[in-house]
There are 6 protein chains.
Amino acid sequence: MTGVVVRRVPRPDAAAVAALERLGVATAHEAQGRAGLMHPYMRPVWRGARVAGRAVTALCHPGDNWMIHVAAEVVEPGDVLVVACSSESTDGGFGALLATSLRARGARGVVLDLGCRDAAELAEMRFPVWSRAISAKGTVKASLGSVNVPVVCAGAQVVPGDVVVADDDGVVVVPRAAATRVAAAAEERARKEAATRARLEKGELGLDIYGMRAALAEKGLRYLDGPEA
Amino acid sequence: MTGVVVRRVPRPDAAAVAALERLGVATAHEAQGRAGLMHPYMRPVWRGARVAGRAVTALCHPGDNWMIHVAAEVVEPGDVLVVACSSESTDGGFGALLATSLRARGARGVVLDLGCRDAAELAEMRFPVWSRAISAKGTVKASLGSVNVPVVCAGAQVVPGDVVVADDDGVVVVPRAAATRVAAAAEERARKEAATRARLEKGELGLDIYGMRAALAEKGLRYLDGPEA
Amino acid sequence: MTGVVVRRVPRPDAAAVAALERLGVATAHEAQGRAGLMHPYMRPVWRGARVAGRAVTALCHPGDNWMIHVAAEVVEPGDVLVVACSSESTDGGFGALLATSLRARGARGVVLDLGCRDAAELAEMRFPVWSRAISAKGTVKASLGSVNVPVVCAGAQVVPGDVVVADDDGVVVVPRAAATRVAAAAEERARKEAATRARLEKGELGLDIYGMRAALAEKGLRYLDGPEA
Amino acid sequence: MTGVVVRRVPRPDAAAVAALERLGVATAHEAQGRAGLMHPYMRPVWRGARVAGRAVTALCHPGDNWMIHVAAEVVEPGDVLVVACSSESTDGGFGALLATSLRARGARGVVLDLGCRDAAELAEMRFPVWSRAISAKGTVKASLGSVNVPVVCAGAQVVPGDVVVADDDGVVVVPRAAATRVAAAAEERARKEAATRARLEKGELGLDIYGMRAALAEKGLRYLDGPEA
Amino acid sequence: MTGVVVRRVPRPDAAAVAALERLGVATAHEAQGRAGLMHPYMRPVWRGARVAGRAVTALCHPGDNWMIHVAAEVVEPGDVLVVACSSESTDGGFGALLATSLRARGARGVVLDLGCRDAAELAEMRFPVWSRAISAKGTVKASLGSVNVPVVCAGAQVVPGDVVVADDDGVVVVPRAAATRVAAAAEERARKEAATRARLEKGELGLDIYGMRAALAEKGLRYLDGPEA
Amino acid sequence: MTGVVVRRVPRPDAAAVAALERLGVATAHEAQGRAGLMHPYMRPVWRGARVAGRAVTALCHPGDNWMIHVAAEVVEPGDVLVVACSSESTDGGFGALLATSLRARGARGVVLDLGCRDAAELAEMRFPVWSRAISAKGTVKASLGSVNVPVVCAGAQVVPGDVVVADDDGVVVVPRAAATRVAAAAEERARKEAATRARLEKGELGLDIYGMRAALAEKGLRYLDGPEA
C-alpha cells in the first residue's frame, strides 16, 4: 500500500492522551506490559520536552522527505507525526521550515526514524523532535511513499490513531484501543511509585518494600562476609 | 606523502568565510549541491557554537596525537584545525591544553575524527570542538603523520585552504575555489527560506508553496478516506 | 561465583578518593599509565557531575535488575555502585526510584553497563549516573546474579573496593592498592599541566615546551613551503 | 497481549509459497513494491539455503528463550519460525537441540532477531537459520512472552500466517493476503530479468535496454571528455 | 603493570583442556554457569576450527603489535595467545608471518581483540584465529605493553594460565582453578544433551522432556484458538 | 560537480596493476606507507577473489543506483568499478544483472560503499564484489550523481585512474602516479617476507630476526619470573 494518503484517522481518547503526556514514557511503557517502546537510538533533539498525541504516520524512502510535506496537510491540532523510512538512513529530512509548518497546523511534535537538521533552531523554537540522528544531509522529493498507513518506526509498530508518548527517555506507542486502560494503569502505577519513593527516601530498602527476600533465598542467594577462597 | 609539514596554505575569500559562518552548515551544504558533509557521528562537544574558517589539516595515527602539536605552529588566526586519523579510533587525542594552545594561536575551532577529552573544561572555555567521541583515553607521541596534506575526515575530503563550517548540525567542507559561489548561493537560499517561513507560519502548506501537487498526482499519489480493505 | 552477595568490601584511602574526585577522569587515567578506562560509550545522563568513590559491584543479567535492589542494602556512604551485565543490553534497569534509594543509603553515584531511564528526573535530582544508553525499557526480577564480586564493566575490570572516578569524560577505575600512588601522581600531573597551560596561553608552543623538535627531526619530519609536485 | 499462545494460524496459498521459495528474496521483495524486508543484519548461519514457509511467531525477552520451546508445539510441517525479542539482544537462544526438535516437527527453518549457537553443527545438519548474531551466550526460561501474535522482527512486521522467504540475501515477509499476487508478479519479474540478462551478456547496456538516456538527459546529465577545470 | 613480561605461567589440567576442546564453546560456557564468554563480535577468520589451550596474554596499544612479537618467545606448545588492546581498534596487527612464528612455537591458535590480515593465507594454513575484524591496516612497533598480565579481552577477564576455548560459536575463558570442575560438568551436560536429542528427533517436545508445562501454566500462559478480539 | 560523466580516464601502468593483483592488499597497503585502505566494513561477497584494476568511479545517492547503469557504458576491460554514496546506506543497489553487464564490458570487479544483493548468484558467477552489506533492498533510478569524478569510498579517496586492489583482506587504493613505485616496493617487501617466513618456520623469533631486543630494553621492558606482588 504505497502511494496512498489516508485522510481520516481515528482519534484516541483525549483524557487518556492527556494523562499519558503527564505520566511520561517510562510509566506508560510499564503500564502496558513493557511493550511498544521504540529503540533507544531515538533521542530528543533537545532535552526537556514531553508530549503525547494522536499518531499520524508518513513512510518515506532513504534520502527523500517528500511524504512529510504531504503529511503536513493531514496533521490536525494535537497530533504527533511519526516518520518511518523504508531502509535505515540518517539523512536530515526534517528541519526548521517543516517544524514551522507543522506547528502552524497544530502538531505537538515529530518522531523521525531518520535524521534531523537545524538542531539549534529547533531548540530555540521549543518544537519537540525525536530522531535517530542529527544530520544536515539534504533530501530530495522524488519517490512516493504513503501517509497514514501502519508503519514500523524504530522497531515499534505504529498504526495511525495510536497514542505516541515521547520524552527524554524515548518514545512509546500505545494502541488506540488500549489507551484508556493503559492510562488508568499508568495513573495507578504512578500513585504506587510516589508511595514507594517516600519510603525509599527514608532509607527503607526495595528488598523489604517489594518483599523480595524470600524469593531471593528460594533461588539460593548466599550472603558471605568476604570473597570465596 | 607522510612525514611532511606544508607551511603555506592558500586563504579562502574572507567575505565568503564570514557569510558561511553566519548561514551555517545546513544552508552551506544545500547551497553546494548537498556535497561535502562529514558523517553525522561528528558532534559538537558542547552545543551552541557556530564557526567557519580556513582548513588546516593534521593526519594522525590511532592513539597518537603528535601531529596536532606540530600543526599548532602553522595555525593562523581564523583557522579551523581538521584532524584525520589513519584508521578508526576514538582515543582522546585532544583536550584543554591543546585548546589553550590553539586559541592562543588564533584558531576558531577544531574538528577531530577521533576522541576529545576535558569536555567540561572545553565547554567552560567556550572553545568549539567537534569530535566522533568523548574519551579520556590518552595518546602517545611516537609516529609521524603529516600536516597540511589533503585528508579524508569523517567521510569528507578536506584540502588545506578549504572552508570548514561547523555548528550543532555537524561539519561541512566547502572547496576554496567554490567558496564565493557557495556563499552567494547560500545567501540566496537563506533569503528564500525566510520568505517561505513567513508563509508556513500562517499555515500555508509546502505542497502549495513549492507547487508539489501536480508532480505527486503524476506519480500516482492517491487520497483515500480510510484504509484500503 | 554467581548467586553470591559479599557483605564486606575493603575501603580505599579516603584522601586518595577525595583527590581523585577533585582531579577527574582524564588526569587519573594518565596518572596510572593510561589504564582502567571504561569504553567511551559510557556517558553521563546529565552533564556536569564529577564523583569518586569506593566501588560496590552488581552483576545482572540482560533485562533483569534484581541485583541492584540487593546491592542497595550493602551500599555505604561514599560508594559508587558499578553495575555490569552478563551480556550486552541497553534495557533501562535503573531509574529515579532506585536513585532515591541509593541516595538515601549514601551512594555518590551509579555506573551502568546497561540503560537508564527517568533521565529528566535524575537530572533534576542531580543524582550522578553514567550509562551506555538512555532507555525506558523495563526489566524483570527473575535471575540471580551477584553483588560485590569482581566484574568487567564496559571493558574495565572492577574489583569491589577499587576507586571509581567519573565525570563528563567518562569513567576510570583505580585499583585500591594503587589509589594513593595514583592520586599523588595525578596531583603532580595537575601541577605540571597548570604551569604548561600558563605558557601555552601566552602562545608558546608544545613543540618547544615539551622539547619535541629533535625527536621529530630524527624521525624525518620534513617542512615544505607548499605541496609536493 | 503477552502470555498468549494462539494455536490456529491461517495458511497461505501453497503454490505461492513454492513459487516464492524458488524465486528468492530479492525478487519477492521487488515484486511487492520493495516492502517487507528485514534489516540486513539478519544473516544466514550458513550460506546456500533458500526457504519459504508460513510464518509462526514467538516473542521472547532478552536472554530468555522459553517461548521457542512453547512454539515448537504449534509448528507444523512447512512452517518457518520467526522469533522476535522485546529488546535488542544477541544472546544465543537457539541451537542444535531446538533445531533437532523443530526439524522433527517439520519446520523449514528459523529466523531469529537474537543470537544463534552451535553454528558448526547447524551447518552440518543443513538446518536453515537466519540470525542477527552467532553467540554461545546461554539463555534462561523465566519470562512469558507469546506465540503466534503479530511481532516486529528486525524492522519488519510479521503476522502469523504470512509467508517468510529467506536466502543468502536476507529475509522478506509477504502478507498472506498478498502472497498469490506477489508470487505472480515475482514470476513475471523473473521472466523479464532472464530476457534482460541474455541481452546484457551480449554487451548491450542497461541504458538502452531500460531506455534511460532520455530521462538522464532531461535531468541534465552532461558528458565530458575530461575533468572540469 | 605495563612494560612487563611474565615468563612463567601456570599450566591448567591437560585432561580438562582436552575435554573442553572436544566439547566446545557453547557447552563449556553453560557448564560454568554462563560466564566467561567473549562478546559475539569475536569471529573465526575461517570456519571449522575448534581449539582449547592455556591462555598466554599480550596487551597491545591501538595500531601497535609489538607485544605479539614479545609474546611469541614465551608461547609454549598447546598455548592459545590472547591479545587485548588498550582501546578499541580494528587495525590488522596479526597476519601470516606471525601465524607462522606462533605455529613453529607450538601455539594452537590466536584470539585477537583487534584486526587480522592475510585472511586467505591463514585459511590455507589452517591456523586458527579469532578476531574482531579482518583488516589489512598495518601496525607499528613503538609502545610497550605487557605479556602475561591479566587482561580484559572482548569483555572477558583472562588471567594467564586460564583455559581458552574457541570454535565457530566464539570464545570462552575458563579460570584455571575451575577447569577440571567445568570439564566434568560439560561432559555431563553433553551426555544429557545426547539423550535429549534422541528424544527430540522422535518428535517429543522440550515442553515435556524438560517438564515446562506446569511452570508455564503457573505463570499464566493462556492457549487460544485464534487472536483475541 | 554533480550530474557529470567523464569519458576519458587515464590508465595506470599495466605491469604495476598485474604486480599489485598478484601481491594483494596487505602488501600493497604496507608498500605505500600504510595509506589508502578502505574501512574494514568492506567485505568480499564471496571469499577467495583477488583483483586489481583501473578505478572507474560512480557517485550515487542513498537508495538510488542510476549512476551504476551510466558507469557501465564507460567501463573498459580490466577496470574495477568503485561506487560511492552521498550518505551512508546499505541498500542493495547492485546484483546479478549489473554484474552480468559489467562482466560483458570487461570489468574485473566492483567495490560498493552500499549493499549488494544476489549474493548466492554472484558467488556462482565468480564475479568479484566487495560491499559494506548484503541486502536485497531495491533501489530507484531518480537522482543524478556523477561518473568518473573523485570520490570518497569507505574512507578512502579514489581518483579515476587510480589502481584499486581487493582481496579477502579488504580494498586498497594506490594513486596512479605512485603505482609503479608502490608495485616495486611491494615486490621487494614480498621477497623479504618470504625470507623471513623461512626463518620463522624454523622457530627463529621475530625479536631476533627484526633485532627488536635492544629497542625493547631501551624502552624499559622488564622480564619477571612471575606476577608482581
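Residues numbered from 1 in each chain as written. Chains lettered and ligands numbered in written order. Predicted model: local features only at pLDDT ≥ 70, side-chain atom pairs only at ≥ 80, totals over all residues. Heavy atoms only, no water.

Attention now goes to the overall build of chain A. A count of helices and strands for chain A gives 8 helices and 12 strands. Taken over the C-alpha atoms alone, chain A extends approximately 65 × 45 × 35 Å along its principal axes. Per-residue burial over chain A gives 62% buried out of 229 residues. Working note: accessible area of chain A is about 7,900 Å², and carbon and sulfur atoms make up 52% of it. (Helix = DSSP H or I, 4+ residues; strand = E, 2+ residues; numbered from the N terminus. Buried < 20%, exposed > 50% of the residue type's maximum accessible area, 1.4 Å probe, protein only. Areas by Shrake-Rupley, 256 points an atom, 1.4 Å probe, with all protein chains shown as cover.)

A few words on the relation of the copies chain B and chain C. Turning chain B through 120 degrees and shifting it by 0.0 Å along the axis lays it on chain C, with an RMSD of 0.0 Å. What the superposition gives is, in effect, a three-fold axis relating one chain to the other. Proximity to the rotation axis, assessed at the C-alpha, singles out arginine 47 of chain B in chain B; its C-alpha lies 6.8 Å from the axis. (Least-squares fit on C-alpha atoms with pLDDT ≥ 70 in both.)

Glancing now at the arrangement of the chains. Of all C-alpha pairs spanning chain B and chain D, none lies closer than 11 Å, and the two are not in contact. Structurally, chain C and chain F remain out of contact, their C-alpha atoms never closer than 11 Å. (Contact = heavy atoms within 4.5 Å.)

Residues and elements named next belong to chain C. Counted by the stated rule, this structure contains 6 aromatic pairs over all chains. Between phenylalanine 94 and phenylalanine 127, the ring centres sit 6.4 Å apart and the planes meet at 20 degrees, which makes this aromatic pair stacked. On the criterion of sequence distance, the pair formed by phenylalanine 94 in the loop between strand S4 (79-85) and helix H4 (96-105) and phenylalanine 127 in the loop between helix H5 (119-125) and strand S6 (129-134) is long-range, its members being 33 residues apart. For the pair phenylalanine 94 and phenylalanine 127, one class covers both residues: buried. (Phe/Tyr/Trp six-rings, centres within 6.5 Å; stacked < 30°, edge-to-face > 60°.)

A separate point is the interface of chain B and chain C. At the junction of the two partners, chain B supplies 37 residues and chain C supplies 36 residues. Approximately 3,300 Å² of surface area, both sides summed, lies buried where chain B meets chain C, with 60% of it carried by carbon and sulfur atoms. Broken down residue by residue, the surface that chain B buries against chain C is led by Trp66, Leu97 and Ile134 of chain B, which jointly contribute 17%. At the surface where chain B touches chain C, the tally comes to 4 salt bridges. Among the ionic pairs, arginine 117 of chain B bridges to glutamate 30 of chain C, the shortest N-O distance being 2.8 Å. Summed over the shared surface of chain B and chain C, the result is 15 residue pairs in polar contact (both at pLDDT 80 or more). Secondary-structure elements contributing two or more residues to the side of chain B that touches chain C are strand S1 (4-6), helix H3 (66-74), helix H4 (96-104) and helix H5 (119-125) of chain B. Sorting elements by how many residues they give to the side of chain B that touches chain C places H3 of chain B first, with 6 residues. When the residues that make up the side of chain B that touches chain C are grouped by side-chain class, the tally is 19 nonpolar, 9 polar and 9 charged. Here S1 of chain B pairs with strand S12 (residues 222-224) of chain C via 3 bridges, running parallel. Among the inter-strand pairings, valine 4 of chain B is bridged to a residue of S12 of chain C, identified as arginine 222 of chain C. (Buried area = accessible area lost by both parts, 1.4 Å probe. Salt bridge = Lys/Arg side-chain N within 4 Å of Asp/Glu carboxyl O. Polar contact = N/O pair within 3.5 Å; in protein donor to acceptor, adjacent residues only side chain to side chain. Nonpolar A, V, L, I, M, F, W, Y, C, P; charged D, E, K, R; others polar. Pairing = 2+ DSSP bridges.)

Burial within helix H3 (residues 66-74) of chain F is extensive, with 8 of its 9 residues counted as buried. When H3 of chain F is considered as a whole, its buried residues turn out to be Trp66, Met67, Ile68, His69, Val70, Ala71, Ala72 and Val74 of chain F.

Of the residues in chain A, 99% reach a pLDDT of 70 or more, and the chain-wide mean stands at 97. Among the prediction metrics, the complex's ipTM stands at 0.96, with pTM recorded as 0.97. (pLDDT = per-residue confidence, 0-100.)

A separate point is the interface of chain E and chain F. At the interface, 37 residues of chain E touch 36 residues of chain F. For the pair chain E and chain F, the summed buried area comes to about 3,300 Å², and 59% of that belongs to carbon and sulfur atoms. The largest contributions to the chain E side of the interface with chain F come from Trp66, Leu97 and Ile134 of chain E, which together make up 18% of the buried area. Linking chain E to chain F there are 4 salt bridges. The closest approach of N and O atoms between glutamate 73 of chain E and arginine 213 of chain F, which form a salt bridge, is 2.9 Å. For the pair chain E and chain F, the interface holds 15 residue pairs in polar contact (both at pLDDT 80 or more).

So, on to the side chain of aspartate 162 of chain A. Residue and element names in this part refer to chain A. With respect to the helices, strands and loops of the structure, aspartate 162 is situated in the loop between strand S9 (156-158) and strand S10 (163-167). We note that aspartate 162 is buried and unpaired, the nearest opposite charge coming from arginine 176 at a distance of 5.9 Å. Here valine 159 takes part through its backbone nitrogen, which lies 2.8 Å from a polar atom of the side chain of aspartate 162. Those residues in contact with aspartate 162 that sit more than four places away from it in its chain are Pro12, Gly53, Arg54, Ala55, Gln157, Val173, Val174, Pro175 and Arg176. (Lys, Arg positive; Asp, Glu negative; His and termini not counted.)

Take the environment of valine 111 of chain F next. Residues and elements named next belong to chain F. Take valine 111: it is sitting in strand S6 (residues 109-116). In this structure, the C-alpha to C-alpha distance between valine 111 and methionine 125, residues 14 residues apart in sequence, is 16 Å. Ignoring any residue separated from it by four or fewer positions in sequence, one finds valine 111 in contact with Met38, Met42, Val80, Leu81, Val82, Val83, Trp130, Cys153, Val164 and Val171.

Residue and element names in this part refer to chain C. Of all 7 residues that make up S4, 7 are buried, and the element is covered over most of its length. Of the two faces of S4, the one holding Asp79, Leu81, Val83 and Cys85 and the one holding Val80, Val82 and Ala84 are both buried throughout. Strand direction decides the pairing type here: strand S3 (residues 51-60) and S4, joined by 7 bridges, are parallel. Note that in S4 the partner of alanine 55 across the bridge is valine 80. The pairing of S4 with strand S5 (residues 109-116) spans 4 bridges and is parallel. Bridged to leucine 81 within S5 is valine 110. Where the polypeptide runs from S4 across H4 and back to S5, its parallel neighbour, the crossover connection is right-handed. (Right-handed = clockwise from strand over helix to strand, strands pointing away.)

Residues and elements named next belong to chain B. Inspection of the entire model under this criterion finds 0 disulfides over all chains. Summary of cysteine pairing: cysteine 116 is not part of a disulfide, and the nearest cysteine sulfur, belonging to cysteine 153, is at 13 Å. In this structure cysteine 116 comes out as buried when scored by relative accessible area, which is 0%. (Disulfide = S-S within 2.5 Å.)

Under the defined criterion, the tally for this structure stands at 120 salt bridges over all chains. Its salt-bridge partner being arginine 34 of chain D, residue glutamate 30 of chain D comes within 3.1 Å of it at the nearest N-O pair. Taking the relative accessible area as the measure of exposure, glutamate 30 of chain D reaches 9% and is therefore buried. Residues joined by salt bridges that share partners form a network here, namely Glu30, Arg34, Arg189 and Glu193 of chain A together with Arg117 of chain C.

This part takes up the pairing of S3 of chain C. All names here are of chain C. Among the 10 residues of S3, 9 are classified as buried, and the element is accordingly described as predominantly covered. Crossover S3 to S4 through helix H3 (residues 66-74) is right-handed. Looking at chain direction, S3 and strand S7 (residues 146-147) are connected through 2 bridges and run antiparallel. Each residue of the ladder has a partner; that of leucine 59, found in S7, is serine 146.

Relative orientation of the contacting elements helix H4 (residues 96-105) of chain E and helix H6 (residues 179-201) of chain F amounts to 15 degrees, with a least axis distance of 8 Å. In this view, H4 of chain E runs roughly parallel relative to H6 of chain F, as classed from their interaxial angle. Crossing angle aside, the handedness with which H4 of chain E passes H6 of chain F is right-handed. Contact with H4 of chain E, carried on its side by Ala96, Leu97, Thr100, Ser101 and Ala104 of chain E, involves Glu193, Thr196, Arg197, Leu200 and Glu201 of chain F of H6 of chain F and no other residues of that element. Broken down by class, the residue content of the contact of H4 of chain E with H6 of chain F amounts to 4 nonpolar, 3 polar and 3 charged. (Axes fitted to C-alpha atoms, helices over the stretch in contact; angles between N-to-C directions. Parallel < 35°, antiparallel > 145°, perpendicular 65-115°, else oblique. Left-handed = near helix turned anticlockwise from the far one by under 90°.)

Our focus in this paragraph is helix H4 (residues 96-105) of chain A. Taken across its 10 residues, H4 of chain A has 7 buried, putting it largely inside the fold. Of the positions making up H4 of chain A, those classed as buried are Ala96, Leu97, Leu98, Ala99, Thr100, Ser101 and Leu102 of chain A. For H4 of chain A, the secondary structure elements touched by its buried residues are helix H3 (66-74), strand S4 (79-85), strand S5 (109-116) and helix H5 (119-125) of chain A together with helix H6 (179-201) of chain B. A positive backbone phi angle near 105 degrees is found at glycine 106 of chain A, which sits one or two residues after H4 of chain A.

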